[in-house]
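# Understanding the architecture of this molecule
Residues per chain are reported as follows:
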Amino acid sequence: MAIVRPRLNDFYNIPLKQEDIDFALPFLDEDIPLYVDPFLLWKIPSQQDNGLHLAVVSAFNAIGNQFIKGKEQEAIQTLIDLTECDEAGLGNSKTRTGKKLGVKASEEILELFKKIPQIKNNGFEHFEEVQLLIQGISKDRISDITCSLIKSFLVDYTLEKCDKYKFPFEKCSVPIFNIQTLKIILEETYLPVNPNTQKPIILVPKRWLRYNPWLNYEDYFDNYYIKDHQKTFGNRLNRVQLLDFNRHNYDMVNAYTRQKVANQQSCVNDPLFTQIPILSAKRKSETIVGLPTGKDQNADRKYEDNMVSVLASMLYPYLDFAQEQSRTESGLHIRDIIFYNNRSYDFLTEIYDKYEATQLVIELKNVKTLERDHLNQLNRYLSDQFGRFGILFTRNAAPKNIYDNTINLWSAHRKCILILDDSDLVMMADMYENKQRDPIDIIKRKYIQFTRDCPS
Amino acid sequence: MTEEEISNFEKIQAQTQSFHDEMSALARKTPNAAINKFKIKFINKALAECNDILGPGYSPFEDFDLFDEDELPSSSDVAMMLGQYLSCLEKKRADNIYVRSGYYYWTGTEIRTLMPEKINRKK
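Report on the accompanying structure. Keep in mind that this is a model prediction, so the values were computed, not measured. (Residues numbered from 1 in each chain as written. Chains lettered and ligands numbered in written order. Predicted model: local features only at pLDDT ≥ 70, side-chain atom pairs only at ≥ 80, totals over all residues. Heavy atoms only, no water.)

## Concerning the overall build of chain B
Convention followed: Comment: elements are numbered from the N terminus, with helices defined as DSSP H or I runs of at least four residues and strands as E runs of at least two. A residue counts as positive if it is Lys or Arg and as negative if it is Asp or Glu; His and the chain ends are not included. A charged residue contributes its charge at one atom only: NZ of Lys, CZ of Arg, CG of Asp or CD of Glu.
Of the regular secondary structure elements, chain B holds four helices and three strands. Ordering the α and β elements of chain B from the N terminus gives α-α-α-β-β-β-α. For chain B, the spread of C-alpha atoms along the three principal axes comes to 50 × 30 × 20 Å. Of note, chain B has its 16 positive side-chain charges centred 8 Å away from the centre of its 20 negative side-chain charges.

## Quick look at the pairing of strand β7 (residues 359-364) of chain A
Residue and element names in this part refer to chain A. Rule in force here: Here the term buried applies to any residue with accessible area under 20% of the maximum for its type, exposed to any over 50%, and partly exposed to those in between, with areas from a 1.4 Å probe on protein chains only. Criterion used throughout: strands pair if DSSP finds at least two bridges between them.
Most of β7 sits out of view: six of its six residues are buried. Alternating positions in β7 separate into two faces, Gln359, Val361 and Glu363 on one and Leu360, Ile362 and Leu364 on the other, with burial throughout. Strand direction decides the pairing type here: strand β6 (residues 332-340) and β7, joined by six bridges, are antiparallel. In the strand pairing of β7, Arg335 is matched with Leu364. Sheet topology note: the β7/strand β8 (residues 389-393) ladder contains four bridges and is parallel. Bridge pairing in β8 places Ile362 opposite Ile391.

## Examining the sheet that holds strand β2 (residues 103-106) of chain B
Residue and element names in this part refer to chain B. Strand order in the open sheet formed by three strands is β1-β2-β3, and the pairing between neighbours is antiparallel. Both edges of this open sheet fall to β1 (97-100) and β3 (112-113), since each of them pairs with a single strand only. With four bridges joining them, β1 and β2 adopt antiparallel strand pairing. Paired with Val99 across the strands is Tyr104, a residue of β2.

## What to know about helix α13 (residues 299-314) of chain A
Residue and element names in this part refer to chain A. The following threshold applies: Helix span, as expected, comes to 1.5 Å for every residue beyond the first. It only takes one pair of heavy atoms within 4.5 Å for two residues to be counted as in contact.
Helix length check: α13 (16 residues) gives 22 Å between terminal C-alpha atoms against 22 Å at 1.5 Å per residue, within 8%. Counting buried residues along α13, twelve of its 16 residues qualify, which places the element largely inside the surrounding structure. Along α13, the residues that are buried comprise Ala299, Asp300, Tyr303, Glu304, Asn306, Met307, Val308, Val310, Leu311, Ala312, Ser313 and Met314. As for α13, its buried residues are in contact with α12 (278-290), β5 (320-329), β6, β7, β8 and α17 (422-434).

## Points about the interface of chain B and chain A
Interface size, as often reported, equals the accessible area lost upon joining of the parts. Inclusion rule: As used here, buried area is the combined drop in accessible area, with a 1.4 Å probe, of two parts when they are placed together. Within this document, salt bridges are pairs made up of a side-chain nitrogen of Lys or Arg and a carboxyl oxygen of Asp or Glu, the two lying within 4 Å of each other. Pairs of N or O atoms within 3.5 Å make up the polar contacts considered here, provided that, within protein, one atom can donate a hydrogen while the other can accept it, and that residues adjacent in sequence are counted only when both atoms are side-chain atoms. Ten residues, namely Ala, Val, Leu, Ile, Met, Phe, Trp, Tyr, Cys and Pro, are considered nonpolar, four, namely Asp, Glu, Lys and Arg, are considered charged, and the remaining ones, Gly among them, are considered polar.
Each partner contributes residues to the interface: chain B has 13 residues there, and chain A has twelve residues. Surface buried jointly by chain B and chain A totals about 1000 Å² across both partners, of which 44% is contributed by carbon and sulfur atoms. Taken together, chain B and chain A are joined by three salt bridges. Of the charged contacts, one joins Lys444 of chain A and Asp70 of chain B as a salt bridge, the two residues approaching to 2.9 Å between their closest N and O atoms. In this structure, the connection of chain B to chain A is made through seven residue pairs in polar contact (both at pLDDT 80 or more). Looking at the side of chain B that touches chain A residue by residue, the class counts come to five nonpolar, two polar and six charged.

## So, the pattern of salt bridges
All names here are of chain A. Following the criterion strictly, the structure yields 37 salt bridges over all chains and no others. The partner of Arg7 in a salt bridge is Asp10, and the shortest N-O contact between them spans 3.0 Å. The exposure class of Arg7 is buried, given its relative accessible area of 4%. One salt-bridge network, in which partners are shared between bridges, spans Glu304, Asp305, Glu324 and Arg335.

## Section: the side chain of Gln325 of chain A
Residues and elements named next belong to chain A. Topologically, Gln325 is positioned in strand β5. Polar side-chain contacts of Gln325 include one of 3.2 Å to the side chain of Gln323. Here Gln325 is in contact with Val4, Ile334, Arg335, Asp336, Ile338, Tyr381 and Phe386, once residues within four sequence places are set aside.

## Some words on the sheet that holds β8 of chain A
All names here are of chain A. Using the following cut-off: Between the N-to-C directions of two axes lies an angle of 0 to 180 degrees, each axis being a line fitted to C-alpha atoms and, for a helix, fitted only over the stretch in contact.
Sheet architecture is open: five strands sit in the order β5-β6-β7-β8-β9, paired in mixed fashion. Both edges of this open sheet fall to β5 and β9 (416-420), since each of them pairs with a single strand only. Sheet twist, expressed as the mean angle between neighbouring strand axes with direction ignored, is 25°. Bridge count for β5 against β6 is nine bridges, and the pairing is antiparallel. Across the sheet, Thr328 pairs through a bridge with His333, a residue of β6. Packed onto the sheet, α13 meets β5, β6, β7 and β8 and runs at close to 5° relative to β6.

## Let's talk about the side chain of Thr394 of chain A
Residue and element names in this part refer to chain A. Structurally, Thr394 can be placed in the loop between β8 and α16 (400-413). On the basis of relative accessible area, Thr394 is assigned to the buried category, the value being 0%. At 3.5 Å, the side chain of Thr394 and the backbone oxygen of Val367 are in polar contact. If sequence neighbours within four positions are ignored, Thr394 has contacts with Tyr303, Lys365, Val367, Leu370, Ile419, Leu420, Asp421 and Asp422.

## Section: the packing of helix α1 (residues 3-29) of chain B against helix α3 (residues 75-94) of chain B
Residue and element names in this part refer to chain B. Rule in force here: Angular relationships are summarised with four words: roughly parallel below 35 degrees, roughly antiparallel beyond 145, roughly perpendicular across 65 to 115, and oblique for the angles in between. For any helix crossing, the convention is left-handed if the near helix is rotated counterclockwise from the far helix by under a right angle, and right-handed if that rotation is clockwise.
It is the contact of α1 with α3, at a shortest axis distance of 8 Å, that shows an interaxial angle of 150°. By the angle between their directions, the pair α1 and α3 is classed as roughly antiparallel. As for how α1 packs across α3, the hand of that crossing is left-handed. Between α1 and α3, the contacting residues are Phe9, Gln13, Thr16, Gln17, Phe19, His20, Met23, Ser24, Leu26 and Ala27 on the first element and Ser75, Ser76, Val78, Ala79, Leu82, Gly83, Leu86, Leu89, Glu90, Lys92 and Arg93 on the second. Tallied by class, residues from the contact of α1 with α3 come to ten nonpolar, eight polar and three charged.

See the structure below:
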């Protein structure tokens, strides 16, 4: 059965809630849109993380030193090899593959060790400053270089997690940076592999991940250069000019770094999923309930957009959001939300066992009255994938004949389609607000009522 | 009723009254809010004891025993049922006391108790 946006644990049928584990669950077919921020390795009060940061910076500086001492080609090649770490699966690639940096850009980075006296003499303390000095170096390169330099640790970390969570692993070859020789060597080790591509996968701790590094160009430009220094230095500089200016005025970059270090309390990792605030959820629910049914004034689009946002938050952490998707069937546009069924709740385990529901699909219908066609659309969709369990979220309670149809569907094909409406949404929003019960209990209650109505 | 049964009865009645007061206060603020599992668990424990004490003759409803947490009972639902149980507990108590010299005692004992609620209300 095909899984939408499969993660490593989904393929191996290992039920895990992202909230309960300390690493980011990797997707099999695409990158996680987060990046390792080396500043977090430095900031987190952990000797292990601080030691890894020291290793990263020392290694980076050692490569720069190698460049200064005349082994330029070796240093450039090593740096090029460090600038892509496909095994980690972080970034914005839709295929889990990326491109390494070119020779010219790598040379420009290493030239910093020759051209900037402070770096020549002392090296970098936070090598992310490269983003403020060289064109084309951004969060993805910083993340990949960091992962590549500590890959040996990440391999051990991955194996520890495989042992704990029973991920299968295989023998494979992985390029690992050797700090003594400053070279990348292929090492044979054991790692989980992508079942489709057979490429090795390494796991990364969640606590190191951010959408943007703490030190980054945009923050430097908007909150430091523009605010404090543009007036002093005259005309507005474009990016290339500013990077060149930074290379000639490294003290500015250093001062920015010191400022960011002073404000480090605000530097925290970004979660892989953030629930919307309670007030926002309440307002969206009220908006939804106040929308007219049908398509007038784009009401269906508004309904769907708000529902996606609200349900993804309200059902977290019991259900991890996988994807919202649109499809067309018989000329009709249908929008649905897919969740991973991580069996984190008793009723989710039951629907997994009884209905093979590896993922939960919730179809959204902004209609006044549910009709048989709506039921059939979801029924056909369930036949292709997702198991035999689905949810229809609509505006008003289903008419008796439609509800009876769902019972008949169960009797004939052992499929379970639950129908929820605005009144259930309001109760879920109230529960999300007052935290006495979980909004997923509304779906569970509906399921229990449905099973009681089914013939024995 | 034995002295031990009377002691147990008074304890359960007091607990049920306390739960009822708490739930009524909640129900006034948010009548439709679902009660959390922690509260349901302990309310059900008290109701189980009430069911034992009342037996089939005094039980408020023959098709209700305990709250099902999966049904998501609201604060007003719980307050209402606890009120029913309190009335039935009071009926059983009123049927098992006697008056002597203006004071009320549990039948077959010298343990004093309050006058029946229905008489108290008439006053």
